[in-house]
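# Overview (structure and organization)
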Amino acid sequence: MKRTMKKYLYLAFVFIILSSCTGHPSVPSSAREAKSQPPIFPDYTDATVPCNIAPLNFMLPAGEYEECVARLTTPDGQQQTYGEGVKVIIAEDEWHAMLDASKGKSLKVEVWGRKKEEWLAFDAFEIHVAPEPIDEYVSYRLIEPSYVAWTYMEIAQRRLSTFEESQIFNNEITMNDRAKGQCINCHSYQNYKTGNMLFHVRLSNSGTVIVNDGKVSRVNLKRPYTISAGAYPAWHPTAKLIAFAACRTRQAFHTANPNKIEVYDEASDMILYDVKTDSVTIVSNDSTLLEVYPAWSPDGRYLYYCKSVPLPEEMKGQDIRVTYQKIQYNLVRRPFDLATHSFGDEELVYDAASADKSVSLPRISPDGRYLLFALGQYGCFHSRHHDADIVCIPLERYDGTPLTWETAAPADLTAVNSKDYSDSYPSWSSNGHWIMLASRRDDDNYSRVYFAYFNNGKAAKAFMMPQQDPELHTYLLKSYNRPEFMVEPVRISVNEFSKVFE
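Residues numbered from 1 in each chain as written. Predicted model: local features only at pLDDT ≥ 70, side-chain atom pairs only at ≥ 80, totals over all residues. Heavy atoms only, no water.

## Things to note about helix α2 (residues 92-102)
Turning to α2, its buried residues are Trp95, Met98, Leu99 and Ser102. What you see down the axis of α2 is that its buried residues fit within an arc of 105°, all on one side. α2 presents Asp93 and Asp100 as exposed residues on the side facing more than 90 degrees away from its buried surface. (Buried < 20%, exposed > 50% of the residue type's maximum accessible area, 1.4 Å probe, protein only. Helix = DSSP H or I, 4+ residues; strand = E, 2+ residues; numbered from the N terminus. Arc of directions from axis to C-beta.)

## Digging into unusual backbone geometry
Of note, the amide linkage connecting phenylalanine 41 to proline 42 takes the cis form, showing an omega dihedral of -10°. Relative to the elements of secondary structure, proline 42 occurs in the loop between β1 (32-33) and β2 (48-49). Phi angles above zero are rare outside glycine, and tyrosine 192 is one such case at about 70°. Structurally, tyrosine 192 is set in the loop between β13 (182-190) and β14 (193-203). With a phi angle near 60°, tyrosine 293 is a residue other than glycine that sits in the positive phi range. As for its placement among the helices and strands, tyrosine 293 is situated in strand β21 (residues 291-296). When its relative accessible area of 5% is taken as the criterion, tyrosine 293 is described as buried.

## So, the side chain of glutamine 182
If you trace the backbone, glutamine 182 turns up in strand β13. Judged by relative accessible area, which is 0%, glutamine 182 ranks as buried. At 3.2 Å, the side chain of glutamine 182 forms a polar contact with the side chain of threonine 174. (Polar contact = N/O pair within 3.5 Å; in protein donor to acceptor, adjacent residues only side chain to side chain.)

## Overview of the sheet that holds strand β19 (residues 261-274)
Taking strand neighbours across the sheet as the criterion, the four strands line up as β17-β18-β19-β20 in an open arrangement whose pairing is antiparallel. Each end of this open sheet is capped by a strand with a single partner; those strands are β17 (230-235) and β20 (279-284). On average, each strand axis in the sheet is inclined to that of its neighbour by 40°, with strand direction left out of account. As judged from the five bridges shared by β19 and β20, these two strands associate in the antiparallel manner. Bridging across to β20, leucine 272 finds its partner in threonine 281. (Pairing = 2+ DSSP bridges. Axes fitted to C-alpha atoms, helices over the stretch in contact; angles between N-to-C directions.)

Printed below as a string of structure tokens:
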């Protein structure tokens, strides 16, 4: 817990310092035109943002510039200037007033940077303010970028209209075997709300922590007839049912391969857990293929998941450490009868393997119109694959005939995806207007949370989740894993969660 205390003392110190950095400096009286947009980090130039997002604080590169000043102008002519060193830290109350004045329109941003005692005036850019808000909260696991070993780990929640972050759970409070360690992961919520939620605890003190109508319990999902406990959960939108993959998961750590880490399944099935009866039933357990990543349609009538295709005949029976680059997944679904808890026949929805590709992490938009997933050349864990991109297809294109890249008419997500780095963990906001993803585009090592505006099949430029200190990601040596939208915070304390391990 000492490390936790040090972290929060440090963040408190940063907050105090930055809170004092919201003065209003004058713009330079003279400056040379740079004839380019400012090289700010994070890159918020010409982004479309929610009308309730926290201030988009940014900075010029330290070491290259000595000072930065920015002037923000609303459509009705209100102006404000900010700058402290190379950072632009915007007062929250002033920022939200400017957002309100710019809703459905744009903020104009002008930036000046002092370099070698000379001021440069960069080209102005706009921040477009969408009329649709984003969900008030997100949660994520904070973890080292490599999983060879770990010590401290936490699941945290962040309020998006401010910079408030708090813990949902950490692994230090209940880890009783430090030699074995403890992993916490796969936080999940029913319909964006936290009264019904769960997360997994693995290795030391293992189990699935489930919140059922606000009551906390720990469940062992491993049954004699399943190959493992559950992973990758998906709550049914209306019933106390949770679909899981039951997996025997392994990892490989490369020394030469640029993808660095490979996560693969030796076996995986699809199961359904009934919270009310504490019962597990098999949905699909093809012994020759792999099933993973369940996702319900918003009406609860279909369960989507990823299913591998058969290996080439000459590779069957070989060690998966040899064949892993040939394992590819298509997207399938099964109709579901809520009255009987029974599933219909499997349907092939998207045939990725026909184009030498592989699908993972499907998510259906709240209105049921669009399907998001991550797409790479092979495997089901695209978080570490450089070629992984987010794909969005209109579900109206599916008429029972399997879709392909040519027939699916994917939406243009060029502004959402990075060119050469992993983009994964896609999800929808509750109103369907914001896509969230985890991307390694900044340094190829750490995954960070990005958002993109989506409206009628069109997506705007993705932008990084704003932070109080724009330099945070240069000293926070953690990846943001499995970001999830929430319309309310988790109100159960870390200590209350820990009681189910006593």
